[in-house]
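Fold and geometry: a report
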Amino acid sequence: TYYIAWDNRWSSSGFDFSLSETPINCPEGLPFTEDFENPNMFFACYNLEDVDNNGTAYRHQLIDLDGDGTDNVYITNGSTSNIAKDDWIYSPPINLTNGAEYTFSFKYNGADGSYPANENLEVLLLDAPSSTAEVLTSLFYESGIVLNGNFSQAESMATTQEITYTATATGT
């Protein structure tokens, strides 16, 4: 249930209001590719978990980091603190077939904002979208990630990973 509220703090004038709905179809099946260009896909299809309850979780951001006048899309987990974070982002379910080989490809970089980057990233296959779910396998782990290049080069200097995985069971 959602409630929409208006107040007349700025003006007592009337106004028109309309509400529209656009259905979002989350990806199903393979190949599965996500560039996060559509923010609605991020909000409708991905689950986020702020395990450390610090109020900072993954978010969809449009930022012109490289100064070319065009905003680029980033999924970030930034905060104005140097305290370690424990936040998770979960993809829509992906069905794999026992014995089939799959390639997972992604890019990442640290980003120095108010504090120097010293970050960790783990990519897991889980049996549910929860930090308490059973870990089926760890595909990738990197600690001590620092910013490659300068802040405006966060995307162009990002590290690309390709991980090959052979499924050990059929399922989601």
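About the criteria used
- Residues numbered from 1 in each chain as written.
- Predicted model: local features only at pLDDT ≥ 70, side-chain atom pairs only at ≥ 80, totals over all residues.
- Heavy atoms only, no water.
- Patch = residues over 30% accessible without salt bridge, like charges linked within 9 Å, V, L, I, M, F, W, Y side chains within 5 Å.
- Areas by Shrake-Rupley, 256 points an atom, 1.4 Å probe, with all protein chains shown as cover.
- Salt bridge = Lys/Arg side-chain N within 4 Å of Asp/Glu carboxyl O.
- Helix = DSSP H or I, 4+ residues; strand = E, 2+ residues; numbered from the N terminus.
- Core = buried A, V, L, I, M, F, W, Y, C linked by side-chain atoms within 4.5 Å.
- Buried < 20%, exposed > 50% of the residue type's maximum accessible area, 1.4 Å probe, protein only.
- Contact = heavy atoms within 4.5 Å.
- Disulfide = S-S within 2.5 Å.

With that settled, the discussion passes to a nonpolar patch on the surface. A cluster of nonpolar side chains, Ile-4, Trp-6, Phe-15, Phe-17 and Leu-19, forms an exposed patch at the surface whose accessible area comes to about 600 Å². Note that Phe-15 resides in the segment before α1 (39–45).

With 13 residues, the main nonpolar core has Phe-104 and Tyr-165 as its most contacted residues. Counting only elements with at least two residues in this core, the list comes to β5 (101–108), β6 (119–126), β7 (135–145) and β8 (159–166). The contacts of Phe-104, once residues within four sequence positions are left out, are Leu-125, Leu-139, Gln-161, Glu-162, Ile-163 and Tyr-165. Within the second largest apolar cluster, six residues are counted, among which are Phe-36, Met-41, Phe-42 and Tyr-46.

Disulfide: a covalent bond formed between the sulfur atoms of two cysteine residues. Scanning all chains against the criterion turns up one disulfide. What pairs with Cys-26 in a disulfide is Cys-45, and their sulfur atoms sit 2.1 Å apart. Measuring handedness by torsion sign, the sulfur bridge of Cys-26 and Cys-45 sits at about -90° and is left-handed. With a gap of 19 residues between them, Cys-26 in the segment before α1 and Cys-45 in helix α1 connect regions that are remote in the sequence. Given the relative accessible area of 29%, Cys-26 is considered partly exposed. With relative accessibility at 7%, the residue Cys-45 sits in the buried group.

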